Amino acid sequence: MKDASTHLKVPAEERGICLGPDGAVAYVTRVIRMIQGRWKLPILFRLYADPSMRALQLLRDIPGISQKMLTQHLRELEKDCLVERIDYNESPPRVDYRLSRWGRELMPVLIEARRFAAAHPAEPTR
């Protein structure tokens, strides 16, 4: 019975990162909050494909998104430091968006999550 206990399979030095207010749950929840929203992942993946894009091009490339939702999600992603807004202070206004350093660091995690989801059926067989 002692060998079947799953908590014993996690090495003692790694258990601490899973527990407490500063544990894994708090950090993962924070990341999920940063990317939750119907359009945030499509925006991030689109910006990953091109180094810099204008909002109008994002609007064209992401089917179904409205100008209002694009603006809202870009502002939230910028607030969370995942996207950078580059304002060229020109007339007419010219603004580009690109992934920030943190956004680029997050992309391999999201790509791995995509691989995981592709390898696991949505309706698991029991």
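Residues numbered from 1 in each chain as written. Predicted model: local features only at pLDDT ≥ 70, side-chain atom pairs only at ≥ 80, totals over all residues. Heavy atoms only, no water.

Draft legend 1. Just the side chain of Lys40, in detail. Looking at the element boundaries, Lys40 is found in helix 3 (residues 40–49). On the basis of relative accessible area, Lys40 is assigned to the buried category, the value being 3%. Side-chain polar atoms of Lys40 contact the backbone oxygen of Met34, separated by 3.4 Å. Among all residues touching Lys40, those that are not within four sequence positions of it are Arg33, Met34, Ile35, His73, Glu76 and Leu77. (Helix = DSSP H or I, 4+ residues; strand = E, 2+ residues; numbered from the N terminus. Buried < 20%, exposed > 50% of the residue type's maximum accessible area, 1.4 Å probe, protein only. Polar contact = N/O pair within 3.5 Å; in protein donor to acceptor, adjacent residues only side chain to side chain. Contact = heavy atoms within 4.5 Å.)

Draft legend 2. Up close: the packing of aromatic side chains. As enumerated under the stated definition, the model contains zero aromatic pairs in all. Looking at Arg94, its charged tip hangs above the ring of Tyr88, at a distance of 3.7 Å from the centre. (Phe/Tyr/Trp six-rings, centres within 6.5 Å; stacked < 30°, edge-to-face > 60°. Lys NZ or Arg CZ within 6 Å of the ring centre and 35° of its normal.)

Draft legend 3. Highlighting the pattern of salt bridges. The full count for this structure, using the stated rule, is ten salt bridges. Of the charged contacts, one joins Arg33 and Asp80 as a salt bridge, the two residues approaching to 3.3 Å between their closest N and O atoms. Of this pair, Arg33 sits in helix 2 (residues 24–35) while Asp80 sits in the loop between helix 5 (67–79) and strand 2 (83–87), and the two are 47 residues apart along the sequence. Its relative accessible area of 39% is what places Arg33 among the partly exposed residues. In this structure, Arg85 and Asp87 form a salt bridge, with 3.7 Å as the shortest nitrogen-oxygen distance. Because the salt bridges share partners, they merge into one network encompassing Arg46, Asp50 and Asp61. (Salt bridge = Lys/Arg side-chain N within 4 Å of Asp/Glu carboxyl O.)

Draft legend 4. Local environment of helix 2. Its twelve residues place the ends of helix 2 17 Å apart at the C-alpha level, agreeing with the 16 Å of an ideal helix rising 1.5 Å per residue. Directly beyond the C-terminal end of helix 2, a positive phi value near 130° is found at Gly37. (Expected span 1.5 Å × (residues − 1).)

Draft legend 5. Fine view of the side chain of Ser100. Within the fold, Ser100 resides in the loop between strand 3 (95–99) and helix 6 (101–119). If we ignore the near neighbours within four places in the chain, the residues touching Ser100 are Cys81, Leu82, Val83 and Glu84.

Draft legend 6. Representation of the sheet that holds strand 1 (residues 53–54) within the structure. A sheet is described by the order of its strands in space; here three strands give the open sequence 1-3-2, paired in antiparallel fashion. Since the sheet does not close on itself, it has two edges, and those belong to strand 1 and strand 2, each with one partner. Bridge analysis of strand 1 against strand 3 gives two bridges, and the strand direction is antiparallel. For Arg54, the partnering residue across the bridge sits in strand 3 and is Asp96. (Pairing = 2+ DSSP bridges.)

Draft legend 7. Representation of the packing of helix 3 against helix 5. Where helix 3 meets helix 5, the axes come as close as 10 Å, and the angle between the chain directions of the two elements is 70°. In terms of their interaxial angle, helix 3 and helix 5 are classed as roughly perpendicular. Here Lys40, Ile43 and Leu44 of helix 3 lie close against helix 5, whose contacting residues are Leu70, His73, Leu74, Glu76 and Leu77. (Axes fitted to C-alpha atoms, helices over the stretch in contact; angles between N-to-C directions. Parallel < 35°, antiparallel > 145°, perpendicular 65-115°, else oblique.)

Draft legend 8. Inspection of the nonpolar core at higher detail. One finds Ile43, Leu44, Leu47, Leu58, Leu74, Leu82 and Val83 to be the most contacted residues of the largest nonpolar core, which totals 21 residues. Ignoring any residue separated from it by four or fewer positions in sequence, one finds Leu58 in contact with Arg46, Leu47, Met53, Leu70 and Leu74. (Core = buried A, V, L, I, M, F, W, Y, C linked by side-chain atoms within 4.5 Å.)

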